[in-house]
Amino acid sequence: MSSRGPRRGGQFSAPDSIDGQVESYDVLVVGGGLAGIRAAIAAVEANPRITVGMISKVYPMRSHTVSAEGGAAAALRPEDSYENHAFDTIKGSDYLADQDVVEAFVREAPIELIQMEHWGCPWSRDPDGKISARPFGGMTTWRTCFAADKTGFHMLHTVFQTSLKYEQIHRHDEAFVTKLLVEDSRCVGVIALDQRSGRFDAITAKAVILATGGLGRVYAFTTNGNICTGDGMALGYRAGVGLKDMEMVQFHPTGLPFTGILITEAVRGEGGYLTNKNGDRFLKDYVPNKMELGPRDIISRAMVTEFEAGRGFEGPHGKYMNLDVRHLGEEVIDRKLPFMRELGREFVGIDIVHEPIPVRPVQHYMMGGVDADISGATTLLGLYAAGECANVGLNGGNRLGSNSLSECLVFGAASGRAAAEYASTAKAVTSNPVDAMLWDEARRVEAAYLEKTGGDEKIGTIREEMQRDMDAGAGVFRTKEGLEKLTDQLGGLRDRFERIKIEDSSRTFNTELTAALELDFMLEVSQTIVASALAREESRGAHARRDFPDRNDEKYLKHTVAFSRGPEDPRPRLEYRDVRITNFKPQARVY
Amino acid sequence: MAEKTITIKATRFDPDKDSAPRLQSYDIPFADDAMVVLDALNYIKAHVDGSLSYRWSCRMGICGSCGMMVNGTPKLSCSAFLRDYWPRPVTVQPLNNFPIIRDLVIDMEDFMHKLKTIQPWIIRKQEVPLGAGEHRQTNAQIDEFKQFSQCINCMLCYSACPVYGLNNEFLGPAAIALARRYNLDSRDEGLTKRLPVIAGDEGIWECSFVGECSVVCPKGVDPAKAIQQTKLDTTLRFTLPFGNRD
């Protein structure tokens, strides 16, 4: 008999919704981006008899996968090899990747891209009709498959539309997960706020997969959309799961000043030049053998170093460099970079065929995330994680461009299969404790936000200060002093957050309430970034300490894992775990 | 020098309290020439009135969340520059032709349902195993359906469509364009499965070819063309001897 899943109304329910429809699944996916949808499909294909729920705070096709541009990496071409892809990824990670995970990943990635092709992804093609590939940063051969420069958009819509054919997948769109349900050290579902009705629901499941994406919005200058607020990381962290390598934050070299809109690395992959105000391709002094195709962490540092030396352009929105594709010509630009031309026209008022694009480093991606193993399993029974919100050990200190779309597919699918297998043997979820947990959580949110009186702090103000402080203290270069100051600033913001005032008292689509819940999550995960960064007294990958400029393998060839000490103490407890090395001995990272 | 300001009039509607939508006016700093309507809304929400509700995410014209009526025209608010309106006020309203959930948030469940009915996935008589590798596709074959695959589901076309405004049973521009996207894909064999829906009672024949859908599309999709082409194809299928093929 299936468990009596309690979709019971919380405090906010209209009386007629108290005995609503039962919502209980075998597998529940939190997040509707590429990793989440891939996980849902994999779960159903692994076992067509199971039920899968997919809960997302936005309609799935709005997920931030949609903004990925340049491509997805896989060793599909005959001249490529698994070993090369693995080595590039491991070297790119500055040897912080777990090598067994990388080796499994490179074998699965080609299969997943072919699967996407069979599902209808409009890959760009070579003249012989095969999936085309382009060069990308840190990759030693052409292995980045692409759908023009809207690869994420096309992959997301392809996989979402494909998911519609599976009757077993039941969606909860625009529902915001506030808490994981944990019973007897096992994750048994979530509590979610249905944004439209304002009702709290307990949605139970034998297995839960977190696939909520990144946390870029903890920074002011980011390529990430408004929805990237680290929800899944905070949910896992609060449920006692570790967050791994949170100091490893990727800054992409080429964002548009003011908006932070991403200009794809494919611009350089296709042959674009990065020049300073003297007209020099300054990367010759930093990555002479790779030039514009160096990895993101190194190029971002090179740009900041050039800015500091006074060799950047000064614009109305700060310093920038020129990204120049004029020499590629209109035909190549229109076939391979049409979206970049559109973004230039729309948001900068330039035609990239005739003018260089102003760019500067911008927060882009989180290597760190929920500590998960090669199949997405976390240390909490029944809880899995995939995609950017997870850290399965693939990206280490620096992700190579175009590995993340492939990561979403490979580890989304792996977690879906693993969750389905676990769910087929796990015992059913009992409803009584769930009812009590639902009641408690609805009361908590109501008391902390909606019914709170006497607050005087605005969410917008605290969020903007947090973002500004994170940009200043946990950016491309870090120092002990800067990180300690940031710790204090975040502590102060947390205190002020306790005094926030919510002006919106409506139950219907209360986006001020969801913004408060997101800010709560962001303040939490920010602390783990700063604590992990402060403790890693070396420079590795994207984590560059001015006071410790060298890599220190003796001491820090290890993952940082941050654990919560509970709501009373914002300082995470840090543990360290050895990196798994198989075939690639750490060596100096020179390009 | 006095700070430059701009007036934003935004629809407010809370079904718990209001019987009808009303406009609320906000004067906000127009601090940067690069500001878009969405920036103005975000300023209001962060600094003036936290209760204003609207959807947005990517702010780069690709997620499709932030469609609104801007001075009466359906637009992505992330791509509507204030400098194109100033010094006149900017009136921001929820997309036409949809029920309002709250303030600027529309109810688009109807589209989500219609999207599924056109079966927007590759349909094959026989699945090709993954081990067989990719289907070959030439650039010419991609160009056949490429523009119809650019739809971001932003709903601007439904908002501009007079037929959908009168009859929301009409399948509508984006859904028909997406059906065409799959029908024209050389990998797909699902035309006959989709035809009953796209050429059914509420499908292509409802369209009176006003063409506003194509005018307002922010991604250069031409749903009107998709509809007219489908009408033609459908007619040929039943009139020409070789037409009734798969």
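Criteria and cut-off values
Residues numbered from 1 in each chain as written. Chains lettered and ligands numbered in written order. Predicted model: local features only at pLDDT ≥ 70, side-chain atom pairs only at ≥ 80, totals over all residues. Helix = DSSP H or I, 4+ residues; strand = E, 2+ residues; numbered from the N terminus. Buried ≥ 20, exposed ≤ 12 C-beta atoms within 10 Å, placed from the backbone. Contact = placed C-beta atoms within 7 Å. Domains from an automatic or database assignment. Nonpolar A, V, L, I, M, F, W, Y, C, P; charged D, E, K, R; others polar. Expected span 1.5 Å × (residues − 1). pLDDT = per-residue confidence, 0-100. Pairing = 2+ DSSP bridges. Axes fitted to C-alpha atoms, helices over the stretch in contact; angles between N-to-C directions. Core = buried A, V, L, I, M, F, W, Y, C linked by C-beta atoms within 7 Å. Parallel < 35°, antiparallel > 145°, perpendicular 65-115°, else oblique. Left-handed = near helix turned anticlockwise from the far one by under 90°.

Draft legend 1. Fine view of the overall build of chain B. A tally of helices and strands in chain B yields 9 helices and 7 strands. C-alpha extents for chain B along the principal axes are approximately 75 × 40 × 30 Å. For chain B, with 246 residues in total, the buried portion stands at 50%. Sequence-distant contacts in chain B: of pairs separated by 6 or more residues, those separated by 24 or more amount to 64%.

Draft legend 2. Inspection of unusual backbone geometry at higher detail. The omega angle of the peptide bond from Trp 86 of chain B to Pro 87 of chain B is 5°, so this bond is cis rather than trans. Looking at the secondary structure, you find Pro 87 of chain B in the loop between strand S4 (73-76) and strand S5 (90-93). Positioned with a positive phi, Met 291 of chain A is a non-glycine residue whose angle comes to about 50°. Along the chain, Met 291 of chain A falls in the loop between strand S12 (273-275) and helix H7 (296-308).

Draft legend 3. Structural context of the domain arrangement of chain B. Residues and elements named next belong to chain B. Domain boundaries assigned for chain B yield domain 1 (5-106) and domain 2 (109-239). Each of domain 1 and domain 2 was reduced to a C-alpha centroid, and the two centroids are 30 Å apart. Domain 1 puts 10 residues into the contact, and the matching count from domain 2 is 13 residues. Per-class residue counts for the side of domain 1 that touches domain 2 are 4 nonpolar, 6 polar and no charged.

Draft legend 4. Highlighting helix H1 (residues 34-46) of chain A. Residue and element names in this part refer to chain A. Between the first and last C-alpha of H1 there are 18 Å, a value that for 13 residues agrees with the 18 Å anticipated at 1.5 Å per step. Burial within H1 is extensive, with 11 of its 13 residues counted as buried. In this structure, the buried side of H1 is in contact with strand S1 (24-30), strand S2 (52-56), helix H4 (151-163), strand S6 (169-173), strand S9 (199-210) and helix H10 (403-425).

Draft legend 5. Up close: the confidence of the model for chain B. Put simply, chain B has an average pLDDT of 94, and 96% of its residues get 70 or more. Prediction confidence for the complex, expressed as pTM and ipTM, is 0.96 and 0.96 respectively.

Draft legend 6. Local environment of the sheet that holds S4 of chain B. Residue and element names in this part refer to chain B. Strands sit in the order S2-S1-S5-S3-S4 across an open sheet of 5 strands; the sheet is mixed. In this open sheet, the two strands that pair with only one neighbour each are strand S2 (22-29) and S4. Each strand of the sheet is rotated relative to its neighbour by a mean of 35°, with strand direction disregarded. Of the pairings in the sheet, the one linking strand S1 (residues 5-12) to S2 comprises 8 bridges and is antiparallel in character. In the sheet register, Lys 9 faces S2, and the bridge partner there is Ser 25. Against the sheet, helix H1 (residues 37-48) engages S1, S2, strand S3 (67-70) and S5, with an angle of about 90° to S2.

Draft legend 7. Fine view of the interface of chain A and chain B. Contact residues are listed per partner, giving 46 residues for chain A and 45 residues for chain B. At the level of secondary structure, the elements contributing two or more residues to the side of chain A that touches chain B comprise helix H3 (99-118), H4, helix H9 (338-348), helix H12 (459-473) and helix H14 (511-535) of chain A. Broken down by element, the residue count for the side of chain A that touches chain B peaks at 5 residues, all from H3 of chain A. In terms of residue class, the side of chain A that touches chain B is built from 17 nonpolar, 16 polar and 13 charged.

Draft legend 8. Local environment of the domain arrangement of chain A. Residues and elements named next belong to chain A. As assigned here, chain A comprises domain 1 (257-362) and domain 2 (436-556). The straight-line distance from the C-alpha centre of domain 1 to that of domain 2 is 31 Å. On the side of domain 2, 5 residues touch domain 1, which itself brings 5 residues to the contact. Of the residues in the side of domain 1 that touches domain 2, the class split is 2 nonpolar, 1 polar and 2 charged.

Draft legend 9. Region of interest: H1 of chain B. Taking 1.5 Å per residue, 12 residues should reach 16 Å; H1 of chain B reaches 15 Å between its end C-alpha atoms and fits that length. By the burial criterion, the buried members of H1 of chain B are Val 37, Leu 38, Asp 39, Ala 40, Leu 41, Ile 44 and Lys 45 of chain B. Contact partners of the buried residues in H1 of chain B: H12 of chain A together with S1, S2, S3 and S5 of chain B.

Draft legend 10. Broad picture of the sheet that holds strand S21 (residues 558-563) of chain A. Residues and elements named next belong to chain A. On the basis of which strands lie adjacent, the open sheet formed by 5 strands has the order S18-S16-S10-S21-S22 and mixed pairing. Each of the sheet's edge strands pairs with one partner strand only, and the pair in question is strand S18 (390-391) and strand S22 (573-578). Strand direction decides the pairing type here: S21 and S22, joined by 6 bridges, are antiparallel. What sits directly across from Val 561, in S22, is Glu 575.

Draft legend 11. Seen up close, the confidence of the model for chain A. Residues with a pLDDT of 70 or more make up 96% of chain A, whose mean pLDDT is 95. Counting contacts from residues 1-22 of chain A, a segment whose pLDDT is below 50, to residues more than four positions away or on other chains yields 50 contacts.

Draft legend 12. Seen up close, the pairing of strand S14 (residues 318-324) of chain A. Residues and elements named next belong to chain A. In terms of strand pairing, S12 meets S14 through 3 bridges, oriented antiparallel. The residue of S14 that forms the bridge with Tyr 273 is Asp 324. In this sheet, S14 lies alongside strand S13 (residues 313-315) in antiparallel orientation, the contact comprising 3 bridges. Paired with Gly 315 across the strands is Gly 318, a residue of S14. Counted along the chain from S13 to the antiparallel partner S14, the turn is 2 residues long. Sheet analysis places S14 next to strand S15 (residues 357-366), joined by 3 bridges and oriented antiparallel. The partner of Met 321 across the bridge, within S15, is Val 359.

Draft legend 13. View of the nonpolar core. Residue and element names in this part refer to chain A. Residues Val 27, Val 190, Val 208, Ile 209, Leu 210 and Tyr 384 are the most contacted members of the largest nonpolar core, which totals 267 residues. In terms of residue count, H14 provides more of this core than any other element does, 14 residues in total. Filtering out sequence-adjacent residues up to four positions away, Tyr 384 remains in contact with Ala 207, Ile 209, Leu 210, Ala 372, Gly 376, Ala 377, Thr 378, Ser 415, Ala 418 and Ala 419.

Draft legend 14. Structural detail: the environment of Met 35 of chain B. Residues and elements named next belong to chain B. Position of Met 35 among the secondary structure elements: in the loop between S2 and H1. Residue Met 35 is classed as buried on the basis of its C-beta count, with 20 C-beta atoms lying within 10 Å. Between the C-alpha atom of Met 35 and that of Val 197, which follows or precedes it by 162 residues, the distance is 42 Å. Non-local contacts of Met 35, meaning those with residues more than four positions away in its chain, are made with Phe 30, Ala 40 and Leu 82.

Draft legend 15. Examining the pairing of strand S11 (residues 249-255) of chain A more closely. All names here are of chain A. Extensive coverage of S11 is indicated by the burial of 7 of its 7 residues. Here S11 runs beside S15; their pairing, made up of 5 bridges, is antiparallel. Its bridge partner being in S15, His 252 is matched across the sheet by Val 362.

Draft legend 16. A look at the packing of H12 of chain A against H14 of chain A. All names here are of chain A. At their nearest, the axes of H12 and H14 sit 10 Å apart, and the two run at 30° to each other. On the basis of their axis angle, the class for H12 and H14 is roughly parallel. When the axes of H12 and H14 are compared, the crossing they make is left-handed. Residues Ile 459, Ile 462, Arg 463, Met 466 and Met 470 of H12 touch H14, and the partners they reach there are Glu 512, Ala 515, Ala 516, Leu 519, Met 522, Leu 523 and Ser 526. Of the residues assigned to the contact of H12 with H14, the class counts are 9 nonpolar, 1 polar and 2 charged.

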